[in-house]
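Observations on chain architecture
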Amino acid sequence: MLFSNRMSTWALLTIVGIKIWRRILKRRSIQEKLHACCKKGSFLVQWYTLLTIAMLLFVVGSNIEYFKEYATHAAATTDQTLRDIYDDEGQAQLLEDKLN
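In this report, the structure presented in the accompanying data block is examined. (Residues numbered from 1 in each chain as written. Predicted model: local features only at pLDDT ≥ 70, side-chain atom pairs only at ≥ 80, totals over all residues. Heavy atoms only, no water.)

Points about the pattern of salt bridges
Under the definition given, this model contains 1 salt bridge. When the shortest N-O distance is used, the salt bridge between Arg-28 and Glu-32 registers 3.5 Å. Of this pair, Arg-28 and Glu-32 both sit in helix H2 (residues 28-38), 4 residues apart, which is roughly one turn of the helix. You can call Arg-28 exposed: its relative accessible area is 66%. In this structure Glu-32 comes out as partly exposed when scored by relative accessible area, which is 47%. (Salt bridge = Lys/Arg side-chain N within 4 Å of Asp/Glu carboxyl O. Helix = DSSP H or I, 4+ residues; strand = E, 2+ residues; numbered from the N terminus. Buried < 20%, exposed > 50% of the residue type's maximum accessible area, 1.4 Å probe, protein only.)

So, the side chain of Gln-31
Secondary-structure assignment places Gln-31 in helix H2. Polar side-chain contacts of Gln-31 include one of 3.0 Å to the backbone oxygen of Leu-25. Sequence-distant contacts of Gln-31, defined by excluding residues within four places in its chain, comprise Leu-25 and Gln-46. (Polar contact = N/O pair within 3.5 Å; in protein donor to acceptor, adjacent residues only side chain to side chain. Contact = heavy atoms within 4.5 Å.)

Considerations on the state of the cysteines
Taken as a whole and assessed by the stated rule, the structure comprises 0 disulfides. With no disulfide of its own, Cys-37 has Cys-38 as its nearest cysteine by sulfur position, at a separation of 4.1 Å. Given the relative accessible area of 32%, Cys-38 is considered partly exposed. (Disulfide = S-S within 2.5 Å.)

Side note on unusual backbone geometry
Here the phi dihedral of Lys-39 falls at roughly 55°; this positive angle occurs in a residue that is not glycine. Locating Lys-39 in the fold gives a position in the loop between H2 and helix H3 (47-70). The exposure class of Lys-39 is exposed, given its relative accessible area of 60%.

Dropping the structure here:
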């Protein structure tokens, strides 16, 4: 949960940025300048390469977040947290029925 909002924001900004970059790269003159400047490395700044790298980074970041934040939680801790929440609302019996 630590990175969720930031990851979503960065994903959106990255996708919008790559869409703009893709529009720019559709111009033939830009492509010619890019290939003249970078030669063999020009594929690294193409929109599809950047999109692939960005999506891989988001997948890795999401997996890191999952295993750091959620996979280590014990079921007993989760059950106790739910009991505390339902006790505060006076619905403890409802939770017990759901857990059993």
